[in-house]
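# Coordinates in review
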Amino acid sequence: MKICITSEGKNLDSNVDPRFGRCQYFIIVDTDSLEFEAVENPNIDSMGGAGIQSGQLVVSKGAKSVLTGNVGPNAHQVLSAAGISIFVGVSGTVKEAIDGYKKGEYKEANKPSVGSKFGIPNK
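This report concerns the structure included in the present document. (Residues numbered from 1 in each chain as written. Predicted model: local features only at pLDDT ≥ 70, side-chain atom pairs only at ≥ 80, totals over all residues. Heavy atoms only, no water.)

Next up on the list: the sheet that holds strand β1 (residues 2–7). Within the open sheet, the 5 strands sit side by side as β3-β2-β1-β4-β5. Their pairing is mixed. Lying at the two open borders of the sheet, with one neighbouring strand each, are β3 (36–40) and β5 (85–87). Pairs of neighbouring strands in the sheet enclose a mean axial angle of 20°, with direction left out of account. Bridge analysis of strand β4 (residues 65–67) against β5 gives 3 bridges, and the strand direction is parallel. Bridge pairing links L67 to F87 in β5. Helix α3 (residues 94–102) contacts β1, β2 (25–30), β4 and β5 of the sheet and is inclined by roughly 140° relative to β1. (Pairing = 2+ DSSP bridges. Helix = DSSP H or I, 4+ residues; strand = E, 2+ residues; numbered from the N terminus. Axes fitted to C-alpha atoms, helices over the stretch in contact; angles between N-to-C directions. Contact = heavy atoms within 4.5 Å.)

Rendered as structure tokens:
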């Protein structure tokens, strides 16, 4: 299965990026073979709409789940509408995140983990 992990770098040893819409890279990985593609996030410096555009990018890559630190309401809506499972609070390396996902260590997020203004936590 293809999943997407937000990453600070281009490989499985990179740290998970705590941001979704403005992460540095998306690592699209096959959980069975560990073959992966590192996609530089073209939305990192967007003035607005980064969550929506990043969500659409992940949808276009065919990912079934997203692992990240936090996800805002716009990205959550795009990903959820496409049937993509979202897991937040993920940290460590990309490889550790994949292992945790395969072991069922993460709980699916049924709502955004941050507000709509650049990482403001939801209350």
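What follows is about the side chain of T31. Mapped onto the elements, T31 comes out in the loop between β2 and β3. Overall, T31 belongs to the buried group, its relative accessible area being 7%. Ignoring any residue separated from it by four or fewer positions in sequence, one finds T31 in contact with M1, I3, Y101 and K102. (Buried < 20%, exposed > 50% of the residue type's maximum accessible area, 1.4 Å probe, protein only.)

A few words on the nonpolar core. One finds C4, F20, F26, V58, V66, V71 and L79 to be the most contacted residues of the largest nonpolar core, which totals 15 residues. The next biggest cluster of nonpolar side chains, apart from the first, holds 13 residues, and it includes L12, L67, V90 and Y101. (Core = buried A, V, L, I, M, F, W, Y, C linked by side-chain atoms within 4.5 Å.)

A few words on the environment of S7. With respect to the helices and strands, the residue S7 is situated in strand β1. Taking relative accessible area as the criterion, S7 reaches 0% and is therefore assigned buried. In this view, S7 contacts S14, N15, V16, D17, Q24, Y25, I27 and V94; residues no more than four positions away in its chain are not counted. Here G9 takes part through its backbone oxygen, which lies 2.7 Å from a polar atom of the side chain of S7. (Polar contact = N/O pair within 3.5 Å; in protein donor to acceptor, adjacent residues only side chain to side chain.)

Attention now goes to α3. Among all positions in α3, only V94, A97, I98, G100 and Y101 are buried. Down the axis of α3, the sector holding all buried residues measures 165°, keeping them to one side. Taken together, the buried residues of α3 touch β1, β2, β4 and β5. Where α3 ends, the next residue or the one after it, G104, has phi of about 75°, a positive value. (Arc of directions from axis to C-beta.)

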